[in-house]
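Each chain is listed here by its residues.
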Amino acid sequence: ELGFAPQTIAKYGECLRQVARWIGDLPVTDLSKQHILALKSVMLSRNHSAGRQVCILAAVKRLLMFCQQELGLPVMQSDLIVLPKRPRREVVYLNTAEVERFVSSIQLSNQDETPFEPGLRFRTLVEVLLGTAMRISEALSLNRQDIDFVNREAVVIGKGNKQRTVFFTERSLLWIKRYLDLRQDARPALFVTQGGRSRLSRTDVWRPFVRCRQLARIQKRVTPHLLRHT
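Conventions and cut-offs
- By convention here, each chain's residues receive numbers from 1 onward along its written sequence.
- At least 70 in pLDDT is required for a residue's local features to be given in this predicted model, at least 80 for side-chain atom pairs to be given and counted, and no such filter applies to totals for whole chains, interfaces and linings, which use all residues.
- Based on all heavy atoms of the structure, the side-chain values leave hydrogens and waters out of the count.
- Exposed residues in this analysis have more than 50% of their type's maximum accessible area, buried residues have under 20%, and partly exposed residues fall in between, with area computed by a 1.4 Å probe over protein chains only.
- A run of H or I in DSSP counts as a helix once it spans at least four residues, and a run of E counts as a strand once it spans at least two, with each numbered from the N terminus.
- For two strands to be treated as a pair, DSSP must find no fewer than two bridges joining them.
- One fewer than the residue count of a helix, multiplied by 1.5 Å, yields its expected span.
- Note on contacts: a residue pair is in contact if any heavy atoms of the two residues lie within 4.5 Å.

Structural notes on the pairing of strand β2 (residues 153-157)
Side chains Ala154 and Val156 of β2 all project onto a buried face; the interleaved residues Glu153, Val155 and Ile157 project onto a face where none is buried. The turn linking strand β1 (residues 147-148) back onto β2 is made up of 4 residues, and Arg152 within it adopts a positive phi angle of 55°. In this sheet, strand β3 (residues 163-167) lies alongside β2 in antiparallel orientation, the contact comprising 5 bridges. What sits directly across from Ala154, in β3, is Val166.

Below is the structure:
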């Protein structure tokens, strides 16, 4: 009903499994304030960040709300769980020089000067992330027909299953056209694996990010989300 993304639901499940390991797999009706304090104590002893603590405690709160509102079980009130405050984090991003070093490190041609498709695909993905500020999941979900090249926009389904319009820079659209002109497959996905066998996934893009960061000698951890901030 809340329209959470599959990754969020999976994370809630993982958090609740951790809770069961740390304080015991109790009947939910036995859960008390003392158990919550014990849970906080365990997380502090493990040096969990405030963000991780919030994630785990929020999962417990959701569970209690469900048990009370949907199942009618006599459980502790969810508002008795106090979430720690998250410290404001400095937003990390690449400066202009770092961006150019990073994109210049991407191999675009083979030794015989023919186009290197994996490199061209990665460069296009990087340019799309930089030129639209999309999340990686949104970029990888794009299909060719989703992009309006005239108005330089596309409608994507973002976080929380919400629909929104993203806008492209001319530079990002030029790289998309260059990449699509090289493609020999007819798959609708904008980003596909070698030979167009399947849609590109999140796990397919991590290695190029690490390799190009090292080649560009950038000290920051370059990720798709860092490009979103950039």
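A look at helix α7 (residues 170-182)
Taking 1.5 Å of rise per residue, 13 residues should cover 18 Å, and α7 covers 19 Å from first to last C-alpha, within 8% of that figure. Tucked inside the fold, the buried residues of α7 contact α5 (117-132) and β1.

Side note on the sheet that holds β2
Across a sheet, paired strands are connected by hydrogen bonds in the backbone, their directions being either parallel or antiparallel. With antiparallel pairing, the 3 strands of this open sheet are ordered in space as β1-β2-β3. Because the sheet does not close on itself, it has two edges, and the strands there are β1 and β3.

Remember, this is a structural readout, not a statement about activity or role.
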